[in-house]
Amino acid sequence: MTRSIIVSLVIIILLLLVYVGLAYSSRLNNFVFSTVVNPYNPLKVQTSQPVTNQKEQNDYWEDPRGLFPIFAYNIPDGTKDLTASLKIIERGGINIVINGNYGWMPDPYKMKKAFEKLGDSNLQWLAIIENECKDNFIYRNSNDETNSNIKIILDEFNEKYIYGWYIWDEPGNNRKLCTTFNIVPNDDNADISRMVKQIRSDSVYSKRLDFINLFPTYWDSTPTAEDYEKYIDTFFASQEYKPRVLCVDNYPLLKNNAGGFRKDYYLNLKIIREKSLQYQVPFWMIVLSSGHLNYKEPTFEEISFQVYSALAYGAKGIGYYLYSKSWVKVGYTSWILEDYVDNLNVADSLYGPLYEPIKELNKNVQMIGKILSKLESVEIIHTSGYPNNQIAIDESIFIKHRQNNFIQEIVNTNDPKVVPDILIGVFSENANINTDEKYLLIVNKDVQFETSIKISLNKDYSIYKFDNDADKYSIISTNQFIELQINPGSSELIFLK
């Protein structure tokens, strides 16, 4: 009898040690995943919300500071002065920083202290309250209509420097649970809806952004364009409060041995643009700015190309992943902000080879983005399927001398026989493609060579080019021709009147 009691006690102690170990490992992000499969289908609404009421909600997000949102994922791991690092990040043109996952204690409290020391600043924090383990505070009772744990966190992280809360990253059915003791998976969309409801229904919390980032087209669960559209529609249909921002991450720059540039990059932008217009919600795009796993180390031109492509499709916010030097131990190899991250006296040129050019890019994006954010995206034009023969953009391919097209011809002036690799986003003030006043964001998709083009219009216009240095338009001609030279991966903003 005594022996069996001892054996039982030993087993209980061992189980307790395993549980504590698993819980501890999850807090350190050394996750021990279970093999439980999440049965919820992200392409099927589990709990349908009143979509008609949603459509009546015009509570889309506008930056309360009057800025174009430019946000950066993560802070530098090696910093000894996080407040100084935040100042350097802001100096680089970033106005929102994302970091501090609640599963990665004590990062959130370090961020709080750093922002408290920052003082007067336009830089704000989009605090991650998501915990990847889903077996902790927020998620333990997430099936309850009201989860008091969420309110505790919102109260604790609700200072003036909080831009909002990062509710969820890439909702779907692929999340594995962190410990074998948490064996009941949840419906991501239902959990998001409950969490957002507590924010939007509160007069104080609702002044800040509830932020969710969705999967890109190349997610395994959405192998077709129709599946991906259904994924987005399902997300919107499952939410009691209409999302304020439609955000997607898409990292197209794969290494050559992994397939090279993704062929569905512009398909993703096409679908997000259309859904943004359909639901009357602004869309944000997160671009690849770091090398890791099968992703190549992007050049400045490749980063610029992604940013301007998103703007041409109508993006109203741009994010960088990753921005600061971090996570070397898990395979990240490049960043925008690298050395001397906490020394304000060091020249910007020493913060890494990409810091200064991206700083200048962000300056331009801030000016152009604020202009385009007040306009409606009315048309997308491609002259080619570059890069890597992009799929599903046939309806956007330019046709020379097409009837009723305000652009009649686009010619490579260096060699008329060579088709230029150009993307044009067309904008107007009233969503009318036939208006005489149009804005054209003309992007050179070629990331290696400058392009020289001549665009023939259907009639004479007063043609203005936006001067980034002077922050104003300058008239360049009063005829039916636009002649431009555009740097690799860069763009020009043209106004036709």
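Residues numbered from 1 in each chain as written. Predicted model: local features only at pLDDT ≥ 70, side-chain atom pairs only at ≥ 80, totals over all residues. Heavy atoms only, no water.

Visitor: Residue-level account of the overall build of the protein chain, with values.
Guide: Counting its regular elements, the protein chain contains 11 helices and 17 strands. Per-residue burial for the protein chain yields a buried fraction of 55% across its 497 residues. For the protein chain, long-range pairs separated by at least 24 residues make up 75% of all intrachain contacts whose partners lie at least 6 apart in sequence. Accessible area of the protein chain: about 22,100 Å², with a carbon and sulfur share of 50%. (Helix = DSSP H or I, 4+ residues; strand = E, 2+ residues; numbered from the N terminus. Buried < 20%, exposed > 50% of the residue type's maximum accessible area, 1.4 Å probe, protein only. Contact = heavy atoms within 4.5 Å. Areas by Shrake-Rupley, 256 points an atom, 1.4 Å probe, with all protein chains shown as cover.)

Visitor: Which residues make up the nonpolar core, and what are the values?
Guide: Residues Trp165 and Tyr320 are the most contacted members of the largest nonpolar core, which totals 117 residues. Grouped together as the second largest cluster of nonpolar side chains are 21 residues, Ile381, Ile442, Ile453 and Ile494 included. (Core = buried A, V, L, I, M, F, W, Y, C linked by side-chain atoms within 4.5 Å.)

Visitor: An account of the sheet that holds strand 9 (residues 376–382) is needed here, citing residue identities and associated values.
Guide: If you trace the 6 strands from one edge of the open sheet to the other, you get 9-11-12-17-14-15, paired in antiparallel fashion. In this open sheet, the two strands that pair with only one neighbour each are strand 9 and strand 15 (472–477). Between one strand and the next, the sheet's axes are offset by a mean angle of 30 degrees, whatever the strand orientation. Packed on one face of the sheet, helix 9 (residues 265–279) meets strand 9 and strand 11 (422–428) and runs near 160 degrees to strand 9. (Pairing = 2+ DSSP bridges. Axes fitted to C-alpha atoms, helices over the stretch in contact; angles between N-to-C directions.)

Visitor: Give a detailed account of the packing of helix 10 (residues 300–312) against helix 11 (residues 355–372), specifying residues and quantitative values.
Guide: Helix-helix packing is characterised by the crossing angle of the two axes and by the distance between the axes. Between helix 10 and helix 11, the least distance of the axes is 11 Å, while the angle of their chain directions is 5 degrees. As far as their axial angle goes, helix 11 and helix 10 are roughly parallel. Residue-level contacts link Phe300, Ile303, Ser304, Val307, Tyr308 and Leu311 of helix 10 to Pro357, Ile358, Leu361, Asn364, Val365, Ile368 and Leu372 of helix 11. Of the residues in the contact of helix 10 with helix 11, the class split is 11 nonpolar, 2 polar and no charged. (Parallel < 35°, antiparallel > 145°, perpendicular 65-115°, else oblique. Nonpolar A, V, L, I, M, F, W, Y, C, P; charged D, E, K, R; others polar.)

Visitor: With reference to specific residues and values, describe the sheet that holds strand 4 (residues 162–169).
Guide: Spatial ordering of the closed barrel is given by 1-2-3-4-5-6-7-8, a layout of 8 strands whose pairing is parallel. With strand direction ignored, the average angle separating the axes of adjacent strands in the sheet is 25 degrees. Against the sheet, helix 4 (residues 107–118) touches strand 2 (96–99) and strand 3 (124–128), its axis set at about 165 degrees to strand 3. Contacts from helix 7 (residues 188–200) reach strand 4 and strand 5 (209–214) within the one sheet, and its direction differs from that of strand 4 by about 160 degrees.

Visitor: Residues and numbers for the side chain of His292, please.
Guide: Residue position: His292 is located in the loop between strand 7 (283–288) and helix 10. Taking relative accessible area as the criterion, His292 reaches 4% and is therefore assigned buried. Here the side chain of His292 touches Ser290 through a polar contact of 3.4 Å, landing on its backbone oxygen. Not counting residues within four places of it along the chain, the set of residues in contact with His292 comprises Tyr321, Gly331, Tyr332 and Thr333. (Polar contact = N/O pair within 3.5 Å; in protein donor to acceptor, adjacent residues only side chain to side chain.)

Visitor: A description of helix 10 should follow, citing residues and the corresponding values.
Guide: Helix length check: helix 10 (13 residues) gives 18 Å between terminal C-alpha atoms against 18 Å at 1.5 Å per residue, within 8%. When you tally the buried positions in helix 10, you get 11 out of 13 residues, the bulk of the element. Within helix 10 the residues assigned to the buried category are Glu302, Ile303, Ser304, Phe305, Gln306, Val307, Tyr308, Ser309, Ala310, Leu311 and Ala312. Phi for Gly314, located one or two positions after helix 10, is positive at around 105 degrees. (Expected span 1.5 Å × (residues − 1).)

Visitor: Any details on the environment of Phe406? Residues and values, ideally.
Guide: Mapped onto the elements, Phe406 comes out in the loop between strand 9 and strand 10 (407–412). C-alpha separation for the pair Phe406 and Ser456, spaced 50 residues apart in sequence, amounts to 8.7 Å.

Visitor: Before we move on, can you summarise unusual backbone geometry with the specific residues and values?
Guide: For the bond from Tyr321 to Leu322, the omega torsion is -15 degrees, close enough to zero to count as cis. Within the fold, Leu322 resides in the loop between strand 8 (318–321) and helix 11. Looking along the chain, the bond that leaves Tyr386 and enters Pro387 is cis, with omega of 0 degrees. Following the sequence through the fold, Pro387 ends up in the loop between strand 9 and strand 10. Positive phi is not limited to glycine here, since His401 has a value of about 60 degrees.

Visitor: Go over the pairing of strand 17 (residues 491–496) with me, naming the residues and quoting the values.
Guide: The two faces of a sheet get side chains in turn, since along a regular strand they alternate between them. By the criterion of burial, strand 17 is predominantly enclosed, with 6 of the 6 residues buried. Burial of strand 17 is two-sided: the residues Ser491, Leu493 and Phe495 facing one way and the residues Glu492, Ile494 and Leu496 facing the other way are all buried. Across 6 bridges, the pairing between strand 12 (residues 438–444) and strand 17 is antiparallel. Looking at strand 17, one finds that Lys438 is bridged to Leu496. The pairing of strand 14 (residues 463–467) with strand 17 spans 3 bridges and is classified as antiparallel. Its bridge partner being in strand 17, Ile463 is matched across the sheet by Leu496.

Visitor: Any details on the environment of Leu423? Residues and values, ideally.
Guide: With respect to the helices and strands, the residue Leu423 is situated in strand 11. In this structure, the C-alpha to C-alpha distance between Leu423 and Val443, residues 20 residues apart in sequence, is 5.0 Å. Excluding residues that lie within four positions of it along the chain, Leu423 makes contacts with Tyr266, Ser309, Ala312, Tyr313, Ile380, Ile381, His382, Leu441, Ile442, Val443 and Lys445.

Visitor: Describe the packing of helix 8 (residues 225–237) against helix 9, with residues and values.
Guide: Two elements in contact, helix 8 and helix 9, have axes whose closest approach is 11 Å; the angle formed by their N-to-C orientations is 35 degrees. For the pair helix 8 and helix 9, the sense of crossing is right-handed. Between helix 8 and helix 9, the contacting residues are Ala225, Tyr228, Glu229, Ile232, Asp233 and Phe236 on the first element and Leu267, Asn268, Ile271, Ile272, Lys275, Gln278 and Tyr279 on the second. (Left-handed = near helix turned anticlockwise from the far one by under 90°.)

Visitor: Could you give an account of the pattern of salt bridges, with specific residues and numbers?
Guide: Between side chains of opposite charge, pairing is possible as soon as their charged atoms come close. Going through the model one piece at a time under the given rule, you end up with 17 salt bridges. Lys275 serves as the salt-bridge partner of Asp233, at 2.9 Å between the closest nitrogen and oxygen. Highlighted residues: Asp233 in helix 8 and Lys275 in helix 9, separated in sequence by 42 residues. Lys275 sits in the buried class, given a relative accessible area of 7%. (Salt bridge = Lys/Arg side-chain N within 4 Å of Asp/Glu carboxyl O.)

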